[in-house]
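# Survey of secondary and tertiary structure
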Amino acid sequence: MMDETAGGRRNGTARQTAAGTEPGPTIYLQLAGVVLFWGANWPLMKLALIDIGPLAFCAVRLVGTIVSLALLAPLLRFPLLPHRGERLMIAVVGLLQVGGMMGLSNIGLQFVSPGRASVLAYTMQMWTLPLGLLLLGERISKRQAAAALLTFAGVVVFFNPALVNWNDVNALIGNGFLIGCAISWALGATLYRRRLWRTPFWTQIFWQVAASAAVMAPLALFAETARPINWSGSLLTVIAYNCLIATGLCYWWWSKALSVMPASQAGQIVCLVPVTALLLSAVFDNERLSLSVLLSVALIGGGIALSARAR
């Protein structure tokens, strides 16, 4: 799961202007599919971690994604190599918002329920504001400040003693990794906004995934040597789902949406991903939806939506 909004913002907006068309019902149905499939992936990833280590799962998913994108390259007509002068920076961005985001979220997901994990990961919009101020000198509008405060309030509610056992070290570590996942994602998105890119959207995605795989694969071999992989039917199914559906199909639909609407508008719809993950986790993983959880999700979701409208 990489940066669904930042990764295609500039190129997507350019395509939208060139196309001069309005999104039809099919585009909205495809975006609904993206929300459903990305939301469903959080409980599925939790299931996969029973049979495989978090870093190994990340590495396998990245390698599978590379193969999927390479097969799609002739169909989508994109080169595999970025323009000279952009390769290193695209790789750095990828390591943060693809490899770092996936790796940290997988580690956190070992100790945290999938619905909660997805909500914390999607607080990345809150962290882009201070990072944008520090690294880009961006001004923070009143609406953006209000969005960040709403999201932060939701995070505070999420960490109240009724929801998090502060004596459970694993729970604290898991939640900490998920916050780190959101910050890594936000830092990658912020660095991405520092320049205009000549490299096509799909080439950027491929290069980001390839750079992440090149780091994550040896890291997984080193860190998880003692943990064997149980190649069960459920694990193979989740891996296939991640490579073909959550990446290949969903990014195809996402790219089509960006060709006819601004990324900020599409991003508001994608904000429903953590809500979908939370509801599916409640149904299939018996994740408890207490009043505190619902209040926290409402605050964070409101902050994310307001942040998307402010861009």
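What this report covers is the structure whose coordinates are included nearby. (Residues numbered from 1 in each chain as written. Predicted model: local features only at pLDDT ≥ 70, side-chain atom pairs only at ≥ 80, totals over all residues. Heavy atoms only, no water.)

This next bit is on helix α2 (residues 25-48). With 24 residues, α2 should reach 34 Å at 1.5 Å per residue; the first-to-last C-alpha distance of 34 Å fits that figure. Most pronounced at W42, the bend in α2 amounts to some 30 degrees, and the proline P43 follows within four residues. (Helix = DSSP H or I, 4+ residues; strand = E, 2+ residues; numbered from the N terminus. Expected span 1.5 Å × (residues − 1). Bend = angle between axes of the 7 residues up to and from the residue.)

Here helix α3 (residues 54-76) spans 31 Å end to end across 23 residues, near enough to the 33 Å set by a 1.5 Å rise per residue. In the stretch just after α3, R77 is the one whose phi turns positive, near 60 degrees.

Ranked by size, the top nonpolar core spans 79 residues in total, and within it W38, W42, F57, L62 and Y122 carry the most contacts. Of all the elements, helix α10 (residues 233-258) adds the most residues to this core, at 11 residues. Within the second largest apolar cluster, 5 residues are counted, among which are I90, V93, L191 and Y192. (Core = buried A, V, L, I, M, F, W, Y, C linked by side-chain atoms within 4.5 Å. Buried < 20%, exposed > 50% of the residue type's maximum accessible area, 1.4 Å probe, protein only.)

A separate point is the environment of R139. Topologically, R139 is positioned in the loop between α6 (124-136) and α7 (142-158). Using a relative accessible area of 79% as the deciding quantity, one classes R139 as exposed.

Here helix α4 (residues 87-109) crosses helix α8 (residues 169-192) at 165 degrees, and the two axes come no closer than 8 Å. Comparing their axes, α8 and α4 come out roughly antiparallel. For the pair α4 and α8, the sense of crossing is left-handed. Of the residues in α8, those touching α4 at M89, V92, V93, L96, Q97, G100, M101, L104, S105, I107 and G108 are G174, F177, L178, G180, C181, S184, W185, L187, G188, A189, L191 and Y192. Looking at side-chain class alone, the contact of α4 with α8 contains 15 nonpolar, 8 polar and no charged residues. (Axes fitted to C-alpha atoms, helices over the stretch in contact; angles between N-to-C directions. Parallel < 35°, antiparallel > 145°, perpendicular 65-115°, else oblique. Left-handed = near helix turned anticlockwise from the far one by under 90°. Contact = heavy atoms within 4.5 Å. Nonpolar A, V, L, I, M, F, W, Y, C, P; charged D, E, K, R; others polar.)

On the surface, L272, V275, L279, L289 and L294 cluster together into a nonpolar patch covering about 390 Å² of accessible area. Note that L272 resides in the loop between α11 (263-270) and α12 (273-284). For L272, a relative accessible area of 46% puts it in the partly exposed group. (Patch = residues over 30% accessible without salt bridge, like charges linked within 9 Å, V, L, I, M, F, W, Y side chains within 5 Å. Areas by Shrake-Rupley, 256 points an atom, 1.4 Å probe, with all protein chains shown as cover. Salt bridge = Lys/Arg side-chain N within 4 Å of Asp/Glu carboxyl O.)

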